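Listed here are the chains, written in short residue letters.
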Amino acid sequence: MSVELISILTAVVAVGVALAGLILTSGRGLREEIARMETRLREDMKQLAERVSRLEHSQAKLEGLLEGLREAITGRVAAN
């Protein structure tokens, strides 16, 4: 083999190794970013569930108050 061919093959292998290192490093960074985003999404979903729960509780209280008001105004108990 000629010196020129050996230098070309060495350059191709070096580029391949460099690209493999870059791909592996990028993949690791992406996995870490996805894990952080997943954690944040879980926290956001938990907060949203808590807010919905509080809203449901408040709505039930309002419905009870409205039913009591309706009964007071009409003088009769609403059918369930």
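Not measured: the values here are computed from a predicted model. (Residues numbered from 1 in each chain as written. Predicted model: local features only at pLDDT ≥ 70, side-chain atom pairs only at ≥ 80, totals over all residues. Heavy atoms only, no water.)

1. Some words on the overall build of the protein chain
Each helix and strand in the protein chain was counted, giving one helix and zero strands. When its C-alpha atoms are laid out on the principal axes, the protein chain stretches across 105 × 15 × 15 Å. The proportion of buried residues among the 80 residues of the protein chain is 1%. On the protein chain, roughly 7,500 Å² of surface is accessible, and the fraction owed to carbon and sulfur atoms is 65%. For the protein chain, the distance from the average position of its 11 positive side-chain charges to the average position of its 11 negative side-chain charges is 4 Å. (Helix = DSSP H or I, 4+ residues; strand = E, 2+ residues; numbered from the N terminus. Buried < 20%, exposed > 50% of the residue type's maximum accessible area, 1.4 Å probe, protein only. Areas by Shrake-Rupley, 256 points an atom, 1.4 Å probe, with all protein chains shown as cover. Lys, Arg positive; Asp, Glu negative; His and termini not counted. Charge placed at Lys NZ, Arg CZ, Asp CG, Glu CD.)

2. A closer look at the environment of G75
Along the chain, the position of G75 falls in the segment after α1 (3-74). Sequence-wise, G75 and L48 are 27 residues apart; in three dimensions their C-alpha atoms are separated by 40 Å.

3. Points about the pattern of salt bridges
Summed over all chains, the structure comprises two salt bridges. For E33, the salt bridge goes to R36, with nearest N and O atoms at 2.6 Å. Of this pair, E33 and R36 both sit in helix α1, three residues apart, which is roughly one turn of the helix. On the accessibility criterion, E33 (35% relative accessible area) is partly exposed. (Salt bridge = Lys/Arg side-chain N within 4 Å of Asp/Glu carboxyl O.)

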